[in-house]
Amino acid sequence: MATGRLTIDLDALAANWRALDALSGAHVQTAAVVKADAYGTGVAKAGRALAAAGARRFFVAVAEEGAALREALGPGPEISVFGGHMPGDTDMINDLGLVPMVNSVDQLTRQLEALPGHPFGIQLDSGMNRLGMEPAEWAAVRDIALAAQPRLIMSHLACSDEPEHDMNPRQLAAFHDMTQGLDVPLSLAATGGILMGPEYHFDLTRPGIGLFGGRPFAEAQRVVEIDLPVIQVRELATGESVGYGNAWVAERPTRIATVSGGYADGITRHLSNIGVMFFEDIPCPIVGRVSMDLIGVDVTHLGVEPAALNLLGPEQTVDDIADTTGTIGYEILTQLGHRYTRHHARGRM
Ligand SMILES: *Cc1c(COP(=O)(O)O)cnc(C)c1O
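Residues numbered from 1 in each chain as written. Predicted model: local features only at pLDDT ≥ 70, side-chain atom pairs only at ≥ 80, totals over all residues. Heavy atoms only, no water.

It is worth spelling out the domain arrangement of the protein chain at this point. Along its sequence, the protein chain is organised into domain 1 (9-212) and domain 2 (224-345). Using C-alpha coordinates to define each centre, domain 1 is positioned 37 Å away from domain 2. Contact between domain 1 and domain 2 buries roughly 910 Å² in total, counting both sides, with carbon and sulfur atoms accounting for 62%. For domain 1, the biggest contributors to the area lost against domain 2 are Tyr 39, Gly 40 and Ile 209; these three give 44% of the whole. The interface formed by domain 1 and domain 2 contains 0 salt bridges. Along the contact surface separating domain 1 from domain 2 lie 3 residue pairs in polar contact (both at pLDDT 80 or more). Those elements that place two or more of their residues in the side of domain 1 that touches domain 2 are helix 1 (10-22) and helix 2 (35-39). In terms of residue class, the side of domain 1 that touches domain 2 is made up of 5 nonpolar, 3 polar and 3 charged. (Domains from an automatic or database assignment. Buried area = accessible area lost by both parts, 1.4 Å probe. Salt bridge = Lys/Arg side-chain N within 4 Å of Asp/Glu carboxyl O. Polar contact = N/O pair within 3.5 Å; in protein donor to acceptor, adjacent residues only side chain to side chain. Helix = DSSP H or I, 4+ residues; strand = E, 2+ residues; numbered from the N terminus. Nonpolar A, V, L, I, M, F, W, Y, C, P; charged D, E, K, R; others polar.)

The structure is reproduced here in structure tokens:
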């Protein structure tokens with residue numbers, strides 16, 4: 001077997017949820033955001049592990065993701081949909097007991113007409129200009145919406161990965177303004193907002209990336225590891241090249257390991273010639289272009305022929321790779337491919 005090995009540590013995931021839960025007061029409920037197939041880790045197993053850890057409310061991006069999660073969790077846990085109630089979603093919302101976070105007057109009308117009495121929440125725009133009703137829109141429909149007893153009113157922070165950003169207090173104030181005096185549970189914080197402290201917590205928090213081991217939750221335990229098997233090792237003379245486009249040329253006699261994995265597995269081509277993999281704690285440079293299924297790695301300095309090299313693990317996090325390639329850990333995780341042999345580790349810590 002020559003596929004890469006993707007290890008997902010469900011105990012670490014559960015520990016991260018508990019750690020984020022512990023950062024807020026006892027009256028604050030901690031949900032779990034598992035959109036995009038649980039940030040690439042697999043929503044069925046991740047969802048069940050989070051439910052076992054104590055999560056009772058889950059959020060996904062679209063109703064279809066809610067369907068997959070409901071199948072994994074069964075009835076009981078509340079599954080909310082950030083995208084709200086889109087045309088065509090009504091049956092799924094109804095049959096699977098999803099809770100749409102309606103984000104416009106149109107959606108509110110659709111919800112109340114198609115599914116009167118069915119639970120829903122409201123999403124307000126406190127300044128990000130992505131989803132949610134703006135203050136004027138909200139003022140216009142607020143009495144109708146409140147009469148239907150929403151389960152939650154939420155908004156989302158644009159800059160919570162930068163705690164000192166003045167956008168944070170501005171959004172906090174806008175959210176207070178729009179929800180003043182309402183007797184409805186409120187939610188503003190994702191992972192970054194949880195770390196900014198209690199004034200951002202309200203009644204419910206919605207961590208995502210922190211559960212999966214990403215910034216800004218620095219104390220997170222590592223959830224994802226990737227090991228790629230070495231298929232072949234070869235000796236290059238000075239002047240020989242590696243891979244497509246001869247993008248790397250040996251300046252001295254070099255030993256190259258070809259590992260099984262490539263951009264088809266979500267290992268970005270931006271790692272070409274600049275990324276590293278690890279043998280134990282020894283960095284080994286990626287040389288030449290990352291191709292679809294294979295990557296060349298310089299292992300000249302290792303005393304041994306490695307059976308596999310590590311891309312994600314104790315020596316390199318998703319954020320390290322994101323920093324190398326000019327993106328964020330969220331994108332590294334959600335690009336994880338489907339070809340890996342997946343292992344669900346328990347109890348490594
Ligand atoms: C993705 C998302 C979250 C989770 O954010 P993290 O930064 O991953 O913790 C919470 N709320 C909304 C509306 C989101 O889109």
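Within a pair of aromatic rings, the relevant descriptors are the distance that separates the centres and the angle that separates the planes. Following the criterion strictly, the structure yields 4 aromatic pairs and no others. Residues Tyr 39 and Tyr 330 carry aromatic rings whose centres are separated by 6.2 Å and whose planes lie at 40 degrees to one another, so their mutual orientation is tilted. Taken together, the positions of Tyr 39 in helix 2 and Tyr 330 in helix 11 (residues 329-334) put the pair 291 residues apart, joining distant regions of the chain. Ring plane angle 85 degrees and centroid distance 5.1 Å describe the contact between Phe 175 and Phe 202, whose orientation is recorded as edge-to-face. (Phe/Tyr/Trp six-rings, centres within 6.5 Å; stacked < 30°, edge-to-face > 60°.)

A word on unusual backbone geometry. A cis geometry characterises the amide bond from Arg 215 onward to Pro 216, with omega recorded as 10 degrees. Along the polypeptide, Pro 216 turns up in the loop between strand 10 (204-205) and strand 11 (224-236). Despite not being glycine, Asp 37 shows a phi value in the positive range, around 55 degrees. In this structure, Asp 37 sits in helix 2. Given a relative accessible area of 32%, Asp 37 falls into the partly exposed group. Phi is positive for Glu 280, which is not a glycine, with a value near 50 degrees. Along the chain, the position of Glu 280 falls in the loop between strand 15 (276-279) and strand 16 (282-287). (Buried < 20%, exposed > 50% of the residue type's maximum accessible area, 1.4 Å probe, protein only.)

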